[in-house]
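Residue strings, one per chain:
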Amino acid sequence: MSIYELKPRFQALLRPLVVRLHAAGVTANQVTLAACVISVALGLWLFFAAPHAGYFALIPLWMFLRMAFNAIDGMLAREHGQQSALGAFLNELTDVLSDAALYLPFALVAPFHPFWVGTVIVLAGLSEFTGALGPTVGASRRYDGPLGKSDRAFVFGALGLYVALGWPLPVWAGWLMPLLAALVAWTIVNRIRRALAEAGAHPTL
């Protein structure tokens, strides 16, 4: 089960706020871009400024708020007639860019190896690209796990909180990033297989 499957309940809690935002003239694309700008600014600041580890607490806080932003922009688009071709591009591209920026600071955290953090970033982007390709083969946009966007947000948010509390990571934790990379790779395979199955295609190599 993916955390993504809990999204309908989360949306129900946010619906009154979405109605108020729409009444105030806020658009889905504005929410999407705001979430991306904040994500990139936070990730790059943590990486380049390398502040006290306690500031990593901003990552889980923002991960939660970003999920709310993502739900809000989708609800504004679907429920208030704001769907657009530009919005479709922004939704996919800003998610990948935001994830990359928010994962980047973990390259500074021992015992994580920068190579494996980079590998997770690349594979995460490919997993979202794979999901977005579903409609091109006659399937739906795929959100299959085991490590989709919401699941990754939970993992990196938990890691950010751990780092912020000042607890040292054991040496064996260095294997966590390779494990995450493997799970994201599995996610890519799952999305391809299930998209093909939904479309009734029979893959051959």
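Located above this text is the structure these notes cover.
Analysis parameters
- Residues numbered from 1 in each chain as written.
- Predicted model: local features only at pLDDT ≥ 70, side-chain atom pairs only at ≥ 80, totals over all residues.
- Heavy atoms only, no water.
- 1 Å grid on protein atoms, 1.4 Å probe; cavity = no way out; pocket = protein on both sides within 12 Å on 5 of 7 lines; lining within 4 Å.
- Points joined across faces, edges and corners; volume = space filled by probe spheres on them.
- Helix = DSSP H or I, 4+ residues; strand = E, 2+ residues; numbered from the N terminus.
- Nonpolar A, V, L, I, M, F, W, Y, C, P; charged D, E, K, R; others polar.
- Phe/Tyr/Trp six-rings, centres within 6.5 Å; stacked < 30°, edge-to-face > 60°.
- Buried < 20%, exposed > 50% of the residue type's maximum accessible area, 1.4 Å probe, protein only.

(A) Focus on empty space enclosed by the protein. Enumeration according to the criterion identifies one cavity of 30 Å³ or more in this entry. In this model, the largest cavity occupies a volume close to 40 Å³. Forming the boundary of the largest cavity are Thr32, Ala35, Cys36, Arg66, Asn70, Thr94, Asp95 and Ser98. For the lining of the largest cavity, the secondary structure elements donating two or more residues are α2 (28-49), α3 (58-79) and α4 (85-103). Grouping the amino acids of the lining of the largest cavity by side-chain chemistry returns two nonpolar, four polar and two charged.

(B) Local environment of the packing of aromatic side chains. The final tally for this structure, using the stated rule, is eight aromatic pairs. For the pair phenylalanine 56 and phenylalanine 106, a centre-to-centre distance of 5.5 Å together with 75 degrees between the ring planes defines the contact as edge-to-face. One end of the pair, phenylalanine 56, is in the loop between α2 and α3; the other, phenylalanine 106, is in the loop between α4 and α5 (114-132), and 50 residues separate them in sequence. Overall, phenylalanine 56 belongs to the buried group, its relative accessible area being 6%. With a relative accessible area of 0%, phenylalanine 106 lands in the buried category. A centroid spacing of 5.3 Å and a plane angle of 65 degrees characterise the contact between tryptophan 62 and phenylalanine 69, whose relative ring orientation is edge-to-face. The buried category is assigned to tryptophan 62, whose relative accessible area is 7%.

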